[in-house]
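# Coordinate analysis (summary)
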Amino acid sequence: VRAWADAQQALTRKYLDTLPDREQFSQSLRSLWNYERVGVPQQAGERFFYRYNDGLMNQDQIWVREGEQGAPRLLLDPNTWDQDGTTALASYAPSADGRYLAYLIQEDGSDWRRARVLDVDSGGVLADDLRWLKFTTLSWRKDNSGFYYSRYPAPEEGAAFQSLNEQHAQYFHRLGSLQQDDQRVIDDPENPQWNYHTIVSHDEAWVVTRVWLGSDDRNQVLVQNLRDGSAPRYLIEGFAKEFGFIAHINGELLFKTDLDAPLKRVVAIDPDSGSIREIVAQQREALLAVVAVGDRLLMSYLKDARTALRLVDYSGNNAVEVELPALGSVSSLSGQPSYQTAYLGFSSFAHPPQVLALNLAAATTVTVNQAEVAIDPA
């Protein structure tokens, strides 16, 4: 196969390299692509973590700031990990206080992930090294003791790319320990095709795990009360509807769901009784994303082929329409109940990608300088 691919490549280059206008097009495309890109920041304590690309980097770097106006500092540069550029940064997750950064490494385009941990203060990579992760989140405990992740059993020698995706399980890794000592929290040998995504609530009261199957959006929900140390239990059973966890607010777990709402709505579920009450009813527009920020819910809707943003309080009242700089699309939302500022990525046909900061008190957006990443909207 390799010999055939090399022959095809050689034949293709033999033709393309003779085209007289190819270099002109190449230079034109490079000039169009050559602009700075800044990702939506993620706040952890007083630190802000974000992706950065100078325009022509093969992979985004990860940078950090000490406060919104702090000097930027390079944390991770996947472009230096190997010479052929086949080792990539898949995702990352800072601890709640920003002291540590757990990240997933993707090698040779495989779905397998390897987890490492960076000490943000020193910039050094710790000894923690986790293998055979796939289709997983990384969710820290608030005390920095460790994080939850999901993995498959180690495949047999030589079968890493032939083994079936079965027996996914949720583990807790204690920082500084060996992977072989990790605690297995959730598994189900009788349902080997089930998979697990885990989120620890911002107040560390609950661990909420989405149980999913294949490419179906419908899921089950497992919850574990961290305050009383009880075992995980099902809050939602059966793959009938989609439930996306938002936050733990005033003793209830908030979800975005299509239960009795094809265009999605927001509901609150009592984790003890399982009773469901509506917070935000289904609207005429499709609900795309929800984050809890400060004492509000920030929601993005698809309205007339553009994004519309709305704020409501945790009772679903006092709705505010958020004014964007123009008609366009919001790519992602970032925020937590612990902080009063939300961040979002915005672009349109007439506006290049920008990072916006949303002051909840004023309910206005502020365009952020590409090189500055985030500013205080106040």
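Everything below is about the structure shown above.
Report follows, based on the coordinates. This is a predicted model, so every value here is computed, not measured.

### Comments concerning the pattern of salt bridges
Where charged atoms from two side chains of opposite charge come close, those side chains can pair. Applying the stated criterion to the full structure yields 21 salt bridges. Between D129 and R131 there is a salt bridge, and its shortest N-O distance comes to 3.4 Å. Classification of D129 as partly exposed rests on a relative accessible area of 24%. E204 is the salt-bridge partner of R141, the closest N and O atoms lying 3.4 Å from each other. You can see R141 sitting in the loop between strand 10 (139-140) and strand 11 (146-151) and its partner E204 sitting in the loop between strand 14 (194-200) and strand 15 (206-213), a full 63 residues away along the chain. Both residues of the pair, R141 and E204, belong to the buried class.

### Section: the nonpolar core
Of all hydrophobic cores here, the largest spans 17 residues; its most connected members are I246, L254, V266, V280, V290, L297 and M299. Mapped onto this core, the elements with two or more residues apiece are strand 18 (243-249), strand 20 (265-269), strand 21 (276-280), strand 22 (286-293), strand 23 (296-303) and strand 24 (306-313). Excluding its chain neighbours within four sequence positions, the residues that come into contact with V290 are I246, K256, V266, L297, L298 and M299. L298, L309, L344 and L358 belong to the second largest nonpolar core, which has 15 residues in total.

### Here's the deal with the sheet that holds strand 19 (residues 252-257)
Read across the sheet, 4 strands follow the order 18-19-20-21 without closing on themselves; strand pairing throughout is antiparallel. Every other strand in the sheet has two partners, leaving strand 18 and strand 21 as the edge strands with one partner each. Between one strand and the next, the sheet's axes are offset by a mean angle of 30°, whatever the strand orientation. Pairing of strand 20 with strand 21, which is carried by 4 bridges, proceeds in the antiparallel orientation. Residue V267 lies in a different strand from strand 21, and its bridge partner there is E278.

Definitions and limits used
Residues numbered from 1 in each chain as written. Predicted model: local features only at pLDDT ≥ 70, side-chain atom pairs only at ≥ 80, totals over all residues. Heavy atoms only, no water. Salt bridge = Lys/Arg side-chain N within 4 Å of Asp/Glu carboxyl O. Buried < 20%, exposed > 50% of the residue type's maximum accessible area, 1.4 Å probe, protein only. Helix = DSSP H or I, 4+ residues; strand = E, 2+ residues; numbered from the N terminus. Core = buried A, V, L, I, M, F, W, Y, C linked by side-chain atoms within 4.5 Å. Contact = heavy atoms within 4.5 Å. Pairing = 2+ DSSP bridges. Axes fitted to C-alpha atoms, helices over the stretch in contact; angles between N-to-C directions.

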